[in-house]
Amino acid sequence: MLEKIKYLTAGESHGLGLLGILEGIPSHLALDENYIQNQLARRQMGHGRSSRMKIESDYAQLYCGVRQGITLGAPIGLIIENKIAENWKESMSVTDNGYNQKVTLPRPGHADLAGIMKFGFDDIRNVIERSSARETAMRVAIGSICRKLLEEINISVCSRVIQIYNVIDESKIDSNLSYQDINQLADKSPVRCLNKEAEANMVKAIDNAKKNGDSVGGIIEIYCDGLPYGLGSYSQWNKKLQSKISETILSINAFKGIEFGKGFDISKEYGSNIHDEISFKDNNYQRNTNNAGGIEGGMSNAQPISIKISMKPIPTLVKPLNSVDINTHDSMKAHKERTDSCAVPAASIIAENLLCIVITDSILSKFGGDSMVQLKEHMKNTAKY
């Protein structure tokens, strides 16, 4: 449903690397690989990650579309090499080398069984490699370019973890903190939680799961501020901002639910208690509450967008669940692969950067401009904040 921004990723988890192409970014956006690297490094953080995070140090090479540190308005190409690929060159060879060791035990909760049934494979490895969350490294790289554009027009994004397993951080965010401050505080936490007591209990929950060969999920919260009125539209179902956001965010591996503002809690309230009343002050419309989460009628209403997303526990388990061999149909334990016991903190970084893609697309759809100068001028002339 993206209109102005188009992107594709390619690559397998244990293949040579990941490829990405991003189209639609205006010219004259200052960009370098170190900026992208910062977001990729954030994605690799978090208590409960697998040993692969110690092997990979993801670095996205800007392959094309950038010259002398600025974007050219042309498609941007990126490459992330897999350092682990050397150990998998026989298994993952693009040419037929006679390799015949097949994975035949699908993991409950993963793409394995549906994937082989869809494509007619007799080796689950063909599904594992592309359905892996490894692919999100490239989407974070692509999203970070969009993030850089948003920073140039004073739109900011932050996130935090508010629940892991049954441990909930009920603390409120200090309204005096900037979004950059919030991210910096969250990034200092091994679980990206702002409350120290909740942080300690979250770490314990992850450790207990790891000790038992299990995994845990959780809930993250994302905020986006600085938006003008009217991103998205009420005019057609596929132009509504919450629809675009939901499509992109729920494409992240293991994400199962999303809510905007007060979300599901609204269903338990009278309308008079939850709709955000409007006033006019200092030549601007004002709201005292933001229960709608910054979106009304499919459009941004100049309030911060607030989103909560639930993530299921990682389906690859050290102590695997019961499964069935796809060749013999014998009951056996599911396949084991290197796995995280918890990836919720990392997932919050993925979600942050993917939200940046949607917001950038919506900004460009509303205001247009082939260069950053034109975009800023269009926003200055037409946007009312």
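Reading guide: rules and limits
The residue numbering used here restarts from 1 in each chain and proceeds along that chain's sequence as written. Local features in a predicted model are, by the rule used here, given only for residues with pLDDT of at least 70; side-chain atom pairs are given and counted only at 80 or more, and totals for whole chains, interfaces and linings are based on all residues. No hydrogens and no water enter the side-chain calculation; it runs on all heavy atoms of the structure. Secondary structure follows DSSP: runs of H or I at least 4 residues long count as helices, runs of E at least 2 residues long count as strands, and numbering of each begins at the N terminus. Based on C-alpha atoms, the radius of gyration is set beside the globule rule, defined as 2.2 Å times the residue count to the power 0.38. Partly exposed residues are those whose accessible area sits between 20% and 50% of the maximum for their type, while under 20% is buried and over 50% is exposed, using a 1.4 Å probe and protein chains only. Here, two residues are considered to be in contact whenever any of their heavy atoms come within 4.5 Å of each other. Accessible surface is estimated by sampling points in the Shrake-Rupley manner with a 1.4 Å probe; for residues, cover comes only from the protein chains shown. Charge assignment in this entry is limited to Lys and Arg as positive and Asp and Glu as negative, and neither His nor the chain termini are counted. For the purpose of locating charges, the reference atoms are NZ of Lys, CZ of Arg, CG of Asp and CD of Glu. The rule for pairing is simple: two strands pair if DSSP sees at least two bridges between them. Every angle, taken between N-to-C directions, lies between 0 and 180 degrees, and every axis is a line fitted to C-alpha atoms, over only the stretch in contact when it is a helix. Each crossing gets its handedness from the near helix: less than a right angle anticlockwise from the far helix is left-handed, clockwise is right-handed. When residues are grouped by polarity, Ala, Val, Leu, Ile, Met, Phe, Trp, Tyr, Cys and Pro land in nonpolar, Asp, Glu, Lys and Arg in charged, and all others, Gly among them, in polar.

Moving on: the overall build of the protein. Along its length, the protein carries 11 helices and 19 strands. Compactness check: the protein gives a C-alpha radius of gyration of 22 Å against a globular reference of 21 Å for 385 residues, within 12% of the reference. If you line up the protein on its principal axes, its C-alpha atoms span 70 × 50 × 40 Å. Residue burial in the protein is summarised as follows: out of 385 residues, 49% are buried. Once local pairs closer than 6 in sequence are excluded, the contacts in the protein between residues at least 24 apart make up 72%. Looking at the protein as shown, the accessible area adds up to about 19,200 Å², and 50% of this sits on carbon and sulfur atoms. Placing the 45 positive and 45 negative side-chain charges of the protein at their respective mean positions leaves the two points 1 Å apart.

Note: strand 13 (residues 278–281) against strand 14 (residues 284–287), four bridges, orientation antiparallel. Looking at the pairing, Ser 279 lines up with Gln 286 of strand 14. In this antiparallel pair of consecutive strands, strand 13 and strand 14, the connection spans two residues, and Asp 282 shows a positive phi of 55 degrees.

In contact at an axis separation of 9 Å, helix 8 (residues 241–249) and helix 10 (residues 344–367) are set at 145 degrees when each is read in the N-to-C sense. The two elements helix 8 and helix 10 cross, and the hand of that crossing is right-handed. Taking contact as the criterion, the partners of Leu 241, Lys 244, Ile 245, Thr 248 and Ile 249 in helix 8 are, on helix 10, Ala 351, Leu 354, Leu 355, Val 358, Asp 361 and Ser 362. Looking at the contact of helix 8 with helix 10 residue by residue, the classes come out as seven nonpolar, two polar and two charged.

Read these as spatial facts, not as claims about activity.
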